[in-house]
Amino acid sequence: MSNQIYTKLKLSRFSGVVIILIICSIIPIANIDGDNRKQNSALPRAGIGRGMKKWTHFYIANPLPGESWGASGPALADFDGDGDLDAMTSRRTTETAYWYERIDDETWEQHTVESTPELKTALGMVAVDIDHDGNPDVATNQVWFKNPGNLAENPDARWEMGKYEGGGHDVLAGDIDGDGWDDVVADIGASWFPTPSMEKVDTGGEGDYHGGPSPKGVGDLDGDGDNDIVQPGRWLENPGDGHGTWRKHDWPHVPIPNASYGTSTRSWVEDVNNDGKNDIVYSDCDTGDSHVYWVENKGKGDEWVRHKLPDPPAAPGSVPGTGSFHSLGVADFDNDGDLDIFAGEQEDPDTYMTQDGKLPMKPPGLIERGVIWENVGTTTEPSFEPVVFQIDNPGFHEAQLGDVDGDGDIDIVSKIWNRDSPTYTLNYWRNDND
């Protein structure tokens with residue numbers, strides 16, 4: 001059904017690390033012991049931070065299959081129906097998708113889904129009940145995988161594969177036609193695919209973007225009861241049921257000059273200040289010098305006020321600046337009744353684009369960070385302060401939010417895209433905040 005979060009995640013046994021945040025800056029100490037337990041000391045933070053004290057990191061897969069860069073997902077859902085969240089990703093070098101069954105926080109079991117050439121160029125991936133049978137399926141680049149429905153009894157059961165005409169950098173879910181079931185939005189918002197038919201419908205949203213609406217840039221921006229689609233600097237007005245002419249409207253996006261891969265964002269539609277109007281939260285990505293903003297909707301998508309969030313403090317030993325915030329999410333991470341904002345910088349050491357006068361993916365010497373901008377204001381007058389909960393590897397790429405362990409708070413699952421750490425990994429940060 002519409003706007004479901006499918007909940008679940010299993011592989012080898014790995015231990016986690018509790019990350020404590022205190023007001024003063026302390027140089028982090030990292031240690032990898034004999035049983036693959038990653039241990040970090042206290043991390044620096046900014047502001048008063050009434051919450052966001054503790055996160056524990058676990059490896060879901062270390063290493064992931066395949067030798068080189070490139071992976072789709074993760075998708076996050078309860079694939080086997082046991083009440084917790086599992087994960088799925090695919091790897092370009094193996095052209096294979098895998099799902100990871102969560103046994104407990106430290107133990108995840110890898111299962112092969114399918115191998116197909118379309119996965120050689122896959123990036124976007126989303127969990128959505130495509131065939132309306134009550135089980136979460138998964139859509140990615142030009143293919144979708146049908147949940148066999150009996151994974152609890154047979155976790156290696158075969159996932160049937162279907163094909164569709166979408167994919168690309170952004171693949172996300174939202175109820176576009178208003179029938180109560182999530183559909184698939186792909187091609188950076190230029191097309192959508194009604195479930196269960198998965199027949200392509202154009203929005204006319206083609207543009208010179210590297211990325212845009214993922215992971216949740218779908219929502220009602222004009223207050224007319226249907227879901228619209230966010231792209232960098234414009235939003236596409238749903239004609240009612242997704243069929244017909246999608247009108248284009250501007251919103252105040254800030255382009256980054258000489259961005260590494262051109263204009264690219266991660267987007268999230270949410271009513272940040274609880275005024276009954278959905279706002280846009282976005283992060284720059286696929287370039288160095290990225291920032292995070294919330295853009296306040298003052299009318300019906302025709303009047304906006306842009307708020308830039310403060311950049312996070314530099315990690316000890318890091319150069320100043322920011323990398324690519326290729327992960328974004330909005331949730332009440334500390335369960336205090338207001339919304340906080342998450343963004344994470346990706347691992348990516350590439351600098352080759354500087355030969356063409358473009359920015360590197362991160363300033364050389366930058367240490368990546370995972371950040372929660374904690375709302376230290378109120379539900380109606382939010383004010384955000386950055387809390388750094390992760391320093392250095394692993395970085396973040398296309399992170400997904402969900403209550404993985406079923407304890408009532410929101411956790412984070414992410415992967416590595418282009419590593420500067422020793423291995424490609426799939427990662428889980430457990431929210432241990434009170």
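Residues numbered from 1 in each chain as written. Predicted model: local features only at pLDDT ≥ 70, side-chain atom pairs only at ≥ 80, totals over all residues. Heavy atoms only, no water.

## A closer look at the overall build of the protein chain
Put simply, the test is: Per the convention used, a helix needs a DSSP run of H or I reaching at least four residues, while a strand needs a run of E reaching at least two, with both numbered from the N terminus. Three labels apply to residues, based on accessible area from a 1.4 Å probe with only protein chains included: buried if under 20% of the type maximum, exposed if over 50%, partly exposed otherwise in between. For accessible areas, the Shrake-Rupley method is used with a probe of radius 1.4 Å. Any residue's cover is judged against the shown protein chains and nothing else.
Looking only at helices and strands, one finds zero helices and 32 strands in the protein chain. Here the protein chain holds 434 residues, and 60% of them are scored as buried. With the model as given, the accessible surface of the protein chain reaches about 15,500 Å², and the carbon-plus-sulfur share is 47%.

## Let's talk about the sheet that holds strand β20 (residues 234–237)
As a reminder, the rule being used: When DSSP locates at least two bridges between a pair of strands, those strands are taken to pair.
Taken together, four strands build an open sheet; the order of strands is β18-β19-β20-β21 and the sheet is antiparallel. Of all the strands in the sheet, the pair left with one neighbour each is β18 (218–219) and β21 (247–250). Sheet analysis places β18 next to strand β19 (residues 228–231), joined by two bridges and oriented antiparallel. Each residue of the ladder has a partner; that of glycine 219, found in β19, is aspartate 228.

## Notes on the packing of aromatic side chains
Heads up, the condition is: Note on aromatic contacts: the rings of Phe and Tyr and the six-membered ring of Trp form a pair at centre separations within 6.5 Å, being stacked when their planes are under 30 degrees apart, edge-to-face when over 60 apart, and tilted otherwise. Any Lys NZ or Arg CZ found within 6 Å of a ring centre and within 35 degrees of that ring's normal is scored as a charge over the ring.
Going through the model one piece at a time under the given rule, you end up with 15 aromatic pairs. Consider the rings of phenylalanine 389 and phenylalanine 396, whose centres lie 5.9 Å apart with planes at 70°: the pair is edge-to-face. Residue classification places phenylalanine 389 among the buried positions, given a relative accessible area of 0%. Taken together, the ring pairs in this structure connect Trp55, Phe333, Phe342, Phe389, Phe396 and Trp429 into an aromatic cluster. Taking NZ or CZ as reference, arginine 91 lies 4.6 Å from the ring centre of tyrosine 424, over its face.

## Concerning the sheet that holds strand β22 (residues 265–270)
With mixed pairing, the five strands of this open sheet are ordered in space as β17-β22-β23-β24-β25. For this open sheet the edge positions go to β17 (215–216) and β25 (304–308), each flanked by a neighbour on one side alone. Sheet topology note: the strand β24 (residues 292–297)/β25 ladder contains five bridges and is antiparallel. In the sheet register, tryptophan 294 faces β25, and the bridge partner there is histidine 307.

## Side note on the pairing of strand β8 (residues 107–115)
Pairing between strand β7 (residues 96–104) and β8: eight bridges, direction antiparallel. Its bridge partner being in β8, arginine 102 is matched across the sheet by tryptophan 108. What sits between β7 and β8 in their antiparallel hairpin is a turn of two residues.

## Here's the deal with the nonpolar core
As a reminder of what qualifies: Take the buried Ala, Val, Leu, Ile, Met, Phe, Trp, Tyr and Cys residues and link them wherever side-chain atoms come within 4.5 Å; each set so joined is a nonpolar core. When checking whether two residues touch, look at their non-hydrogen atoms; a contact exists if any pair is within 4.5 Å.
Core analysis: the largest hydrophobic core is formed by 32 residues, its most contacted members being Phe333, Ile341, Phe342, Trp373 and Ile412. Those elements that place two or more of their residues in this core are β24, β26 (327–331), β27 (340–344), β28 (369–375) and β29 (384–391). For this core, the element with the highest residue contribution is β29, accounting for five residues. Among all residues touching isoleucine 341, those that are not within four sequence positions of it are Val281, Val292, Trp294, Leu309, Leu328, Gly329, Val330, Phe333, Val371, Ile372, Trp373 and Phe384. Counting 17 residues, the second largest nonpolar core, distinct from the first, contains Met88, Ala97, Trp99 and Leu119.

## Some details on the environment of threonine 351
Within the secondary structure, threonine 351 is located in the loop between β27 and β28. Judged by relative accessible area, threonine 351 falls into the partly exposed class, the value being 37%. In this structure the C-alpha to C-alpha distance between threonine 351 and serine 260, which are 91 residues apart in sequence, comes to 8.7 Å.

## Side note on the pattern of salt bridges
For clarity, the threshold we go by: Salt bridges, as used here, are contacts in which a Lys or Arg side-chain nitrogen is within 4 Å of a carboxyl oxygen on Asp or Glu.
For the structure on display, the rule yields 16 salt bridges. The partner of lysine 146 in a salt bridge is aspartate 131, and the shortest N-O contact between them spans 2.4 Å. Of this pair, lysine 146 sits in strand β11 (residues 143–146) while aspartate 131 sits in the loop between β9 (126–128) and β10 (137–139), and the two are 15 residues apart along the sequence. A residue is classified by how much of its surface remains accessible, and lysine 146, at 24% relative accessible area, is partly exposed.

## Considerations on the pairing of β11
In this sheet, β11 lies alongside β10 in antiparallel orientation, the contact comprising two bridges. Residue pairing for β11: valine 138 is matched across the bridge by phenylalanine 145. In this antiparallel pair of consecutive strands, β10 and β11, the connection spans three residues, and glutamine 142 shows a positive phi of 65°. Two strands pair when backbone bridges link them, and β11 and strand β12 (residues 160–163) are joined in this way by four bridges, in the antiparallel orientation. When the bridges of β12 are listed, tryptophan 144 appears paired with glycine 162.

## Describing unusual backbone geometry
Cis peptide bonds are those with omega within 30 degrees of zero, and the linkage from glycine 73 to proline 74 qualifies with 10°. In this structure, the amide linkage connecting serine 214 to the following residue, proline 215, adopts the cis form with an omega of 0°. Among the secondary structure elements, proline 215 is positioned in strand β17. Positive phi is not limited to glycine here, since histidine 132 has a value of about 60°. You will see that isoleucine 188, though not glycine, has its phi angle at about 55°, which is positive. Mapped onto the fold, isoleucine 188 is located in the loop between β14 (183–186) and β15 (191–193).

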